[in-house]
Amino acid sequence: KKEKITILDYGGGMGDSYLECLYSLGKCHLDIEYHILDLDLTVKQGKKIFPKEMDIHFHTSFMDCPDNLDMIYVGSTLQYINNYQSLLNELICCSPKYIFFTDHFMGNAKTFATTQVNMKNRRMAYWIFNLVEIVSFLENKGYKNVYRSNNYQPFHNFDNFIRNKRVDDSCNLLFKKE
């Protein structure tokens, strides 16, 4: 019998991380129940892609998500959330065993907002986080940082920022509930 794990992918789009998860863990003999929480239009499109027999579920509200989560995955999403502290609290209220953040720009400067302008005719608010602030926030809520790595980012350019606010690579952080 396979061990079952339940994952909530916050901002998971139409399911590309689900496919990566299946590929990565496919030989681990795990039964993966995968939930995506995203915007209504994205959820509608995602539901059209996957056959009903696949264990992927789409939601537009935390209230529709399961309670027994093994992991919440936040891939390159937190930086677009206006009140990111409120979202962090919502994630923690779900009481997952693990919270995994990938591809978020974090450095030593105080957390600040900037504008992302790498898409034609589009500007988006974008947070650059203070690494210690994010780690401390989660540790104060009972989650220990058990893993950290960086993603090499040769195409992101922060040269227009003053030296102490520049970030070279994005960061991955895994937290485990104590």
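Keep in mind the model is a prediction, meaning the values are calculated, not measured. (Residues numbered from 1 in each chain as written. Predicted model: local features only at pLDDT ≥ 70, side-chain atom pairs only at ≥ 80, totals over all residues. Heavy atoms only, no water.)

Quick notes on the packing of aromatic side chains
Thinking step 1. Under the defined criterion, the tally for this structure stands at eleven aromatic pairs.
Thinking step 2. An angle of 85° between the planes, with centres 5.4 Å apart, marks the rings of Y18 and F50 as edge-to-face. Of this pair, Y18 sits in helix 1 (residues 16-25) while F50 is found in the loop between helix 2 (40-49) and strand 3 (56-59), placing the two residues 32 residues apart along the sequence. Side by side, Y18 and F50 carry an identical accessibility label, which is buried.
Thinking step 3. An aromatic cluster of three or more residues is present, and its members are Y18, Y34, F50 and F58.
Thinking step 4. Looking at K165, its charged tip hangs above the ring of F112, at a distance of 4.6 Å from the centre. (Phe/Tyr/Trp six-rings, centres within 6.5 Å; stacked < 30°, edge-to-face > 60°. Helix = DSSP H or I, 4+ residues; strand = E, 2+ residues; numbered from the N terminus. Buried < 20%, exposed > 50% of the residue type's maximum accessible area, 1.4 Å probe, protein only. Lys NZ or Arg CZ within 6 Å of the ring centre and 35° of its normal.)

A look at the nonpolar core
Thinking step 1. If you look at the biggest cluster of nonpolar residues, it comprises 29 residues, and the most contacted ones within it are F101 and L138.
Thinking step 2. Taken together, the elements giving at least two residues each to this core come down to strand 1 (3-10), strand 4 (71-75), helix 3 (84-93), strand 5 (98-107), helix 4 (131-140) and strand 9 (170-177).
Thinking step 3. Core analysis: the next-biggest nonpolar cluster, separate from the first, contains twelve residues, I5, I7, I32 and V43 among them. (Core = buried A, V, L, I, M, F, W, Y, C linked by side-chain atoms within 4.5 Å.)

Some thoughts on the pairing of strand 9
Two faces belong to every sheet, and in a regular strand the side chains alternate between them.
Thinking step 1. Summarising burial for strand 9: six of the eight residues are buried, a large majority.
Thinking step 2. Here strand 5 runs beside strand 9; their pairing, made up of six bridges, is antiparallel. Of the residues in strand 9, the one forming a bridge with F100 is L174.
Thinking step 3. Pairing geometry for strand 8 (residues 143-151) and strand 9, over eight bridges, is antiparallel. The residue bridging N150 from the neighbouring strand is C171, located in strand 9. (Pairing = 2+ DSSP bridges.)

Some words on the pairing of strand 4
Thinking step 1. When strand 1 meets strand 4, the two strands line up parallel, connected through four bridges. Following the sheet pairing, Y10 is matched in strand 4 by V74.
Thinking step 2. Here strand 4 pairs with strand 5 via five bridges, running parallel. Of the residues in strand 5, the one forming a bridge with G75 is T102.
Thinking step 3. Note that the unit made of strand 4, helix 3 and strand 5 has a crossover that is right-handed. (Right-handed = clockwise from strand over helix to strand, strands pointing away.)

Looking at the side chain of Q79
Thinking step 1. Within the secondary structure, Q79 is located in the loop between strand 4 and helix 3.
Thinking step 2. Q79 gets classed as buried once you look at its relative accessible area, which sits at 1%.
Thinking step 3. Here S76 takes part through its side chain, which lies 3.1 Å from a polar atom of the side chain of Q79.
Thinking step 4. Sequence-distant contacts of Q79, that is, excluding residues within four places in its chain, are made with D103, H104, A125, Y126, W127 and F129. (Polar contact = N/O pair within 3.5 Å; in protein donor to acceptor, adjacent residues only side chain to side chain. Contact = heavy atoms within 4.5 Å.)

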